[in-house]
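Here is how the chains run, residue by residue.
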Amino acid sequence: MSRGLGVTVALREFLPEWTTTLFAAVSVLGDLAVIVPVLGVLYLVDVAESLRQSDGRAGEEALCSDRTAFIVATVFGGLALIVLLKATFALPRPPAELHAITPSEHGFPSGHTMAATVFWGALALWTTLGRRHLRFGVAASAILLVGASRLALGVHYLVDVIASVGFGVGYLVGIAYVTQLRPRRAFAVAIGVALFATAASGGETRALLATAGTIGAAGGWQLVERPAVKRRIVGAIGR
């Protein structure tokens, strides 16, 4: 059943060639190249703040707050869910002659748009940076820009983008309800989704990377929070 062209065709016919570079750059707001490093920075900033407040003493407080650990787990789970949904639906992209860039095989849902929804949505909901309305404004703008860029690049239909936002929002609501914002539960959900994605995709590379990344993030978080490891870290910083 065709999802139709409509907006995608109109944009590709209307937009000049030079905009391809611009929209490709905007699209990065929903790319792993931005999402994973930002999560890493968020984690390190949280740990640095914990170390500063500990004043060099190895206390019982967690190095990484539950809030930050939950955000990391939630985003990794969302990224794994994208792979699972793409493998499940396996729907094609618009015709190749409309593509301004070289995309992956499946077009539904829009991975970049859903990743942006999960990532920027999680930051808006659960970080404490700035005012809440400002966080939501930034998140909405990033999601809108990424979705529009995927249409402008000719690699998605409008329904792909709209559905992706819906999937992302639904996932954020669902994981918050199921886990009650507890990071261990969120990591368990994320790992489960990643394993399902690996099975559904027949061991596709992206699914394997999602599984390895999710398990690695969960394991690394647990390791650093072990009392002996925390004492070593705090001791090394205090020297």
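In what follows, the accompanying structure is described. (Residues numbered from 1 in each chain as written. Predicted model: local features only at pLDDT ≥ 70, side-chain atom pairs only at ≥ 80, totals over all residues. Heavy atoms only, no water.)

**Some details on the environment of G77**
Then step 1. Note that G77 resides in helix 4 (residues 66–89).
Then step 2. Relative accessible area serves as the criterion here: at 0%, G77 is assigned to the buried category.
Then step 3. Taking the C-alpha atoms as reference points, G77 and A188, separated by 111 residues in sequence, lie 9.0 Å from one another. (Helix = DSSP H or I, 4+ residues; strand = E, 2+ residues; numbered from the N terminus. Buried < 20%, exposed > 50% of the residue type's maximum accessible area, 1.4 Å probe, protein only.)

**Side note on the side chain of T74**
Then step 1. One can find T74 in helix 4.
Then step 2. Accessibility expressed as a relative area gives 0% for T74, which makes it buried.
Then step 3. Contacts of T74, omitting those with residues within four sequence positions, involve V118, W126, Y171, L172 and I175. (Contact = heavy atoms within 4.5 Å.)

**Overview of the packing of helix 5 (residues 111–126) against helix 6 (residues 132–152)**
Then step 1. Two elements in contact, helix 5 and helix 6, have axes whose closest approach is 9 Å; the angle formed by their N-to-C orientations is 175°. Classed by the angle they form, the pair helix 5 and helix 6 counts as roughly antiparallel. Across from H112, T113, A116, T117, W120, G121, L123, A124 and L125 in helix 5, the residues of helix 6 making contact are R132, R135, F136, V138, A139, A142, I143, V146, G147 and R150.
Then step 2. Grouping the amino acids of the contact of helix 5 with helix 6 by side-chain chemistry returns eleven nonpolar, five polar and three charged. (Axes fitted to C-alpha atoms, helices over the stretch in contact; angles between N-to-C directions. Parallel < 35°, antiparallel > 145°, perpendicular 65-115°, else oblique. Nonpolar A, V, L, I, M, F, W, Y, C, P; charged D, E, K, R; others polar.)

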